[in-house]
Amino acid sequence: MTNIMRASPPGLSENEAQETGALFVRAAGRAMQVLAAFHQASGPLSLSEIAARADIDKSAAQRLVHTLLTLGYLRRGPDGRGYLPGIRILDTTLDLLRLDPMVQKATPVLLELRKTVRERVDLSLYDETRLVYALRMQSKRETFYATLVGHSVPTFCTAGGRAALSVLPDDAARAIVTRTPLHAYTSRTAISVDRIMEEIAQARVDGYAVVVDEFVQGEVAIGVAIARDGVPLGALHVAGSLAEWTPEDFVEKVAPLATEAARAILGSL
């Protein structure tokens, strides 16, 4: 099963909201903080839990939860206990996926690549310290949980992440790695900034990054950045099992196909 960061940064704190300028609508910001409270939640949240996670007082949380519940962006949990995200959020997710130019252009390319390599193929969107999955085409080994879009993974130890960082100037990439929590996901995860920068430099030379056993035990992955004018937009990933591939054979077969697919996506934008 793929390691996942169900992560996006939490909403703005009260102090941060005050510093965003006169055009910032604090009520809208607080509503987003309430929705962000469900990031990494393992089940329904109580009103008190939402208030604490959103960093707002319980009275404000109660009003916001009632509003979002009425609009369908929140719903009650099983047996009426606690709250969960509502179905209306899926409408917004669909809008993002169907209107994003890269997702539109990448879909047929990834379908063809998946048919050719018969391994997991993903497209992710770049968000500096993380990549967020926007398209996921699974292999026979994957679980339902790993098929969901919206999951995110760190850039420092994933093939797509290192490929995306390799597009940046070395000092900019190092700055992002330095402010990333360098967690060892496996016994082989590189958590030295210098070692990670070496891998990013190699990806810059090769045009793709290779990660073996660093993020998911028993997995080899290739990532190719999709970038424009020196700015990473996202990455294409292909992952295989070390029970079926040697890293050398995987790179030999998949790297040219993944590189060509990424080039086709960029060329169609």
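Residues numbered from 1 in each chain as written. Predicted model: local features only at pLDDT ≥ 70, side-chain atom pairs only at ≥ 80, totals over all residues. Heavy atoms only, no water.

Draft legend 1. Representation of the pattern of salt bridges within the structure. In this structure the tally under the stated criterion is 13 salt bridges. Linking Asp170 and Arg204 is a salt bridge whose minimum nitrogen-to-oxygen distance equals 3.6 Å. Taken together, the residues span a long stretch of sequence, with Asp170 in helix H8 (residues 170-178) and Arg204 in helix H9 (residues 193-206) at a distance of 34 residues. For Asp170, a relative accessible area of 38% gives the class partly exposed. (Salt bridge = Lys/Arg side-chain N within 4 Å of Asp/Glu carboxyl O. Helix = DSSP H or I, 4+ residues; strand = E, 2+ residues; numbered from the N terminus. Buried < 20%, exposed > 50% of the residue type's maximum accessible area, 1.4 Å probe, protein only.)

Draft legend 2. Up close: the packing of helix H2 (residues 26-36) against helix H4 (residues 58-71). Contact pair H2 / H4: the axes reach a minimum separation of 10 Å and the direction vectors enclose 80 degrees. Relative to H4, the element H2 lies roughly perpendicular. Residues Ala27, Arg30, Ala31, Val34 and Leu35 of H2 form the contact with H4, whose participating residues are Leu64, Val65 and Leu68. Among the residues making up the contact of H2 with H4, the classes are represented as seven nonpolar, no polar and one charged. (Axes fitted to C-alpha atoms, helices over the stretch in contact; angles between N-to-C directions. Parallel < 35°, antiparallel > 145°, perpendicular 65-115°, else oblique. Contact = heavy atoms within 4.5 Å. Nonpolar A, V, L, I, M, F, W, Y, C, P; charged D, E, K, R; others polar.)

Draft legend 3. Focus on H8. Turning to H8, its buried residues are Ala173, Ile176 and Val177. Buried residues in H8, looked at end-on, bunch into an arc of 100 degrees, giving them a common side. Exposed side of H8, more than 90 degrees from the buried face: Asp171 and Thr178 are the residues found there. (Arc of directions from axis to C-beta.)

Draft legend 4. Quick look at the confidence of the model for the chain. On average, residues of the chain carry a pLDDT of 90, and 90% of them reach 70 or more. Within the model, pLDDT remains below 50 along residues 4-11, and this stretch shows 27 contacts once partners closer than five positions in the same chain are excluded. (pLDDT = per-residue confidence, 0-100.)

Draft legend 5. Local environment of the environment of Ala190. Turning to its location among the elements, Ala190 is positioned in the loop between H8 and H9. On the accessibility criterion, Ala190 (4% relative accessible area) is buried. Residues Ala190 and Glu214, spaced 24 residues apart in sequence, show a C-alpha to C-alpha distance of 7.1 Å.

Draft legend 6. Representation of the packing of helix H3 (residues 47-54) against H4 within the structure. Taken N-terminus to C-terminus, the directions of H3 and H4 make an angle of 110 degrees; their axes are 9 Å apart at the nearest point. Classified by the interaxial angle, the pair formed by H3 and H4 is roughly perpendicular. Counted together, Leu47, Ser48, Ile50 and Ala51 of H3 and Lys58, Ala61, Gln62 and Val65 of H4 form the full contact between these two elements. Looking at side-chain class alone, the contact of H3 with H4 contains five nonpolar, two polar and one charged residues.

Draft legend 7. A look at a nonpolar patch on the surface. Residues Val231, Leu233, Leu266 and Leu269 make up a contiguous nonpolar surface patch of about 270 Å² in total accessible area. Leu269 sits in the partly exposed class, given a relative accessible area of 32%. (Patch = residues over 30% accessible without salt bridge, like charges linked within 9 Å, V, L, I, M, F, W, Y side chains within 5 Å. Areas by Shrake-Rupley, 256 points an atom, 1.4 Å probe, with all protein chains shown as cover.)

Draft legend 8. The pairing of strand E6 (residues 209-212), seen in detail. Pairing analysis gives four bridges linking E6 to strand E7 (residues 219-228), with the strands arranged antiparallel. Within the sheet, the bridge partner assigned to Val210 lies in E7 and is Ile222. A loop of six residues connects E6 with E7, the two strands running antiparallel in sequence, and Asp213 in this loop sits at a positive phi of about 65 degrees. (Pairing = 2+ DSSP bridges.)

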